[in-house]
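As a plain string of letters, each chain reads:
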Amino acid sequence: MRNRRAVVVGVTVAAGAAVVAPFLSAYPLTLLTQAAIVGILAMSLDLLLGYTGLPSLGHAAYFGVAAYAVGILSTEYRSGFFTCLLVGLTLATLTAAVFGLLAIRATGTYFLMITLALGMVVWGLAFRWVSMTKGDNGIAGVPRPEGFLPWSLGAPLPFFYFTLLAALVAWTLLGLLVRSPFGLGLMGIRESESRMRALGYNVWLHKYLAFVIAGGFAGFAGVFWAYYNGFVSPVDVQLVTSVETLLMVALGGPGTLAGPALGAAVIVFLKNFVSVYTKRWLLILGAVYIGVILFAPRGVLGAFRRER
Amino acid sequence: MTAEFWITQTFNGLSYGALLFLLASGLSLIFGVMRIVNLAHGSYFLLGGYVGLSVAWRTRSFVAALLAGALAIALIGVGMERLFLRRLSGQTLGQVLLTIGFALIFQDLALLLWGGDPYSLPVPPALQGVLTVGGLRFPRYRLFIMALAVLVGASLWLALDRTRVGAMIRAAVDDAEMAQGVGIRVPTVSMGVFALGAFLAALGGVIGGGFLGVYPGLDFEILPYAFVVVIVGGLGSLPGAMVGSLLVGLLDNFGKALFPELAYFTLFAPMALILALRPTGLFGRT
């Protein structure tokens, strides 16, 4: 199994985080929580980029649609966790289903540009549809989910375990998916679309389903993000968020699932630590992009992977 | 909805389209020759505006601001292409991440050097005020932008269609490998086109400084417009960039005037429709 190393590293890190969490203070704990959620987002993009070979530049859209759904439902309508989860997932998946119809027709650079433009549609709505989204001010005061578990999720530690569980569920499901015949089909398409077509595979349908499923998982991450942050704003759906997710996947090694999740953790910690010391963290983040591309083009975990 | 509303909005849309043409024609050419998705293209626009602003403050000359802004950014473009992008030819994702890395660095540097306040580029008196025609008022500056865009568009078209260098560029767009094979120095052509693209974007930025202003965040605000223009018009096509710019300028203006809350929808929905009918854009070739 090619990805055994990634699985081992992923399990070790997740178990390590779970063990040390009770001894951490609130700040590192919130960072771990953030890493778990963004990790789900990165894994969802890895399904597209790493396994199917489709570099989406608009992945924050589905993340943001779900986050906004949770934000609006939980503040305006006082909806509970399961309603928010269901509506968030459904809307994110539907958005991906519509966008996919347009984007999957395109290949290569056109795919990049179209997903970028489609992502901007969602950003534009978040920014301009003020009566629904409160525009630039964002939706504040999203309460933590309550009432369906015997203990409260208000404190950092139980909420961390809750999101870690969610990340493990997402990892398991995506892991099963990429090892299924469908997932192998996706990898075949990544390597050679024409060959897969000649073998009788419905290439369009495979790509489309991968796109929609990836959107659904991004929405899953978005639901938890809204609860974690307590706040949803256009920043969550902007282009930079989409590109940052691409960076996480590239950093962790595309096509390994655990790698991108770890890449997400690295970026989350880096961003937060650097911003403590300097206001110039965008400068440093920019340098990280350039450094990753020039010096570790196959990702940190990818660098350990055996040649195909 | 009076006739005046329609005429004014059409005028505003066309003049915004003219500005977009300056930005997007370079992006389209760069893509055509090098297949690079340049996410730093909006940064060229913003940096051009800032450099132009500083020069305009020092020299009080609008022309000096235009030239200095555009030339300085063209140099930055050449540096990016020669030192970084050339190493990544053919790696789409690598280029995307590299150019966004530069875009973030440029964004932060601009904030460091020029601060967070919005500025407006001082416009020479000759271009201030309005021209009144039959009771309708047209700002002179917007007329100037349209004239300049027509001039740039015509020069580009003549250069591409009628000169030896233009023929070399077109050959590189059509088939870089064959062009290299018949003795065209494609790397030099690429560098020149990249510099030209950065030059035009920065020129747009200086000019845009006169009516959009120059402010942090403008880079990522204007970038999607350039992308939509190029997607609608077809990658690497100059006529496509022209038609796309005017279409996007008009759609954006009428969208914002008629449906303010759904402004981006009115811009992107037609783009989606065009893509559904012609996946390579109006003038694009496969």
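All values derive from a computational prediction rather than experimental measurement.

Quick notes on the overall build of chain A
Check the secondary structure of chain A and you find 13 helices and 2 strands. Each principal axis of the C-alpha atoms in chain A carries an extent, and together these give about 55 × 40 × 40 Å. Counting over 308 residues, chain A shows a buried share of 53%.

Considering the overall build of chain B
When you go through chain B residue by residue, the secondary structure sums to 11 helices and 2 strands. When the helices and strands of chain B are placed in sequence order, the string is α-α-α-α-β-β-α-α-α-α-α-α-α. In summary, chain B has a C-alpha radius of gyration of 19 Å against a globular reference of 19 Å for 286 residues, a match within 12%. Expressed as a percentage of its 286 residues, the buried residues of chain B come to 52%.

Points about the pairing of strand β1 (residues 130-133) of chain B
Residue and element names in this part refer to chain B. Direction of pairing for β1 relative to strand β2 (residues 136-139): antiparallel, over a ladder of 4 bridges. The partner of threonine 132 across the bridge, within β2, is arginine 137. The hairpin turn running from β1 into β2, its antiparallel successor, is 2 residues long, and glycine 134 in that turn takes a positive phi close to 55°.

Topic: the nonpolar core
Ranked by size, the top nonpolar core spans 206 residues in total, and within it Ala117(A), Ile73(B), Leu97(B), Ala202(B), Ala226(B) and Val228(B) carry the most contacts. For Ile73(B), the contacting residues outside a window of four places in its chain are Tyr44(B), Leu47(B), Gly48(B), Val51(B), Ala198(B), Phe199(B) and Ala202(B).

Some words on helix α9 (residues 218-233) of chain B
Residues and elements named next belong to chain B. In this model, α9 (16 residues) spans 23 Å end to end at C-alpha, consistent with the 22 Å of a helix rising 1.5 Å per residue. Within α9, 15 of the 16 residues are buried, leaving the element largely enclosed by the surrounding structure. A positive phi of about 110° marks glycine 234, the residue just after α9.

Looking at helix α5 (residues 140-162) of chain B
All names here are of chain B. For α5, which comprises 23 residues, the first-to-last C-alpha distance of 32 Å matches the rise-based estimate of 33 Å (1.5 Å per residue) to within 8%. Turning to α5, its buried residues number three or more, namely Arg142, Ile145, Ala149 and Leu156. Each element contacted by the buried residues of α5 is listed here: α1 (3-34), β2, α8 (186-208) and α10 (238-258).

Side note on the confidence of the model for chain B
All names here are of chain B. Confidence along chain B averages 87 in pLDDT terms, with 99% of residues attaining 70 or more. When pLDDT is averaged over each element of chain B, helix α2 (residues 41-59) comes out on top at 94 and helix α11 (residues 263-277) at the bottom at 76. Listed scores for the predicted complex are pTM 0.86 and ipTM 0.80.

Considering the interface of chain A and chain B
It is common to give the size of an interface as the accessible area lost on bringing the parts into contact. Contact with chain A, which involves 36 residues of that partner, is made by 32 residues of chain B. Where the side of chain A that touches chain B is concerned, the elements lending two or more residues are α5 (108-128), α6 (130-133), α11 (239-252) and α13 (281-295) of chain A. It is α5(A) that contributes the most residues to the side of chain A that touches chain B, 13 residues altogether. Of the residues assigned to the side of chain A that touches chain B, the class counts are 28 nonpolar, 5 polar and 3 charged.

Quick word on the packing of helix α3 (residues 60-76) of chain A against helix α4 (residues 81-103) of chain A
Residues and elements named next belong to chain A. The interhelical angle for the contact between α3 and α4, taken along N-to-C directions, is 145°, at an axis separation of 8 Å. Remark: the crossing between α3 and α4 carries right-handed chirality. Residues Ala61, Tyr62, Val65, Ala66, Ala69, Val70, Leu73 and Ser74 of α3 lie in contact with α4, whose contacting residues are Thr83, Cys84, Val87, Gly88, Leu89, Leu91, Ala92, Thr95 and Ala96. For the contact of α3 with α4, the per-class residue count stands at 13 nonpolar, 4 polar and no charged.

A look at the confidence of the model for chain A
All names here are of chain A. Residues with a pLDDT of 70 or more make up 94% of chain A, whose mean pLDDT is 86. Across chain A, helix α10 (residues 203-229) holds the top mean pLDDT of 93, while α6 sits lowest at 81. This stretch, residues 303-308, has a pLDDT under 50; its non-local contacts, to residues over four places away or in other chains, come to 4 contacts.

Observations regarding the packing of α1(B) against α8(B)
Residue and element names in this part refer to chain B. Following both chains from N to C, one finds α1 and α8 inclined at 165°, their axes separated by 8 Å at the closest point. Here α1 lies roughly antiparallel to α8, going by the angle between them. By crossing handedness, the relation of α1 to α8 is classed as left-handed. Tallied by class, residues from the contact of α1 with α8 come to 17 nonpolar, 6 polar and no charged.

Details of the environment of Leu176(A)
Following the sequence through the fold, Leu176(A) ends up in helix α7 (residues 156-179). C-alpha separation for the pair Leu176(A) and Ala61(A), spaced 115 residues apart in sequence, amounts to 25 Å.

Concerning the environment of Val232(A)
Residues and elements named next belong to chain A. Topologically, valine 232 is positioned in strand β2 (residues 231-232). In sequence terms valine 232 and glycine 138 are 94 residues apart; their C-alpha atoms lie 5.4 Å from each other. Excluding its chain neighbours within four sequence positions, the residues that come into contact with valine 232 are Ala67, Tyr68, Gly71, Gly138, Ile139, Val142 and Ala226.

Rules used in this analysis
Residues numbered from 1 in each chain as written. Chains lettered and ligands numbered in written order. Predicted model: local features only at pLDDT ≥ 70, side-chain atom pairs only at ≥ 80, totals over all residues. Helix = DSSP H or I, 4+ residues; strand = E, 2+ residues; numbered from the N terminus. Buried ≥ 20, exposed ≤ 12 C-beta atoms within 10 Å, placed from the backbone. Rg over C-alpha atoms; globule rule 2.2 N^0.38 Å. Pairing = 2+ DSSP bridges. Core = buried A, V, L, I, M, F, W, Y, C linked by C-beta atoms within 7 Å. Contact = placed C-beta atoms within 7 Å. Expected span 1.5 Å × (residues − 1). pLDDT = per-residue confidence, 0-100. Nonpolar A, V, L, I, M, F, W, Y, C, P; charged D, E, K, R; others polar. Axes fitted to C-alpha atoms, helices over the stretch in contact; angles between N-to-C directions. Left-handed = near helix turned anticlockwise from the far one by under 90°. Parallel < 35°, antiparallel > 145°, perpendicular 65-115°, else oblique.

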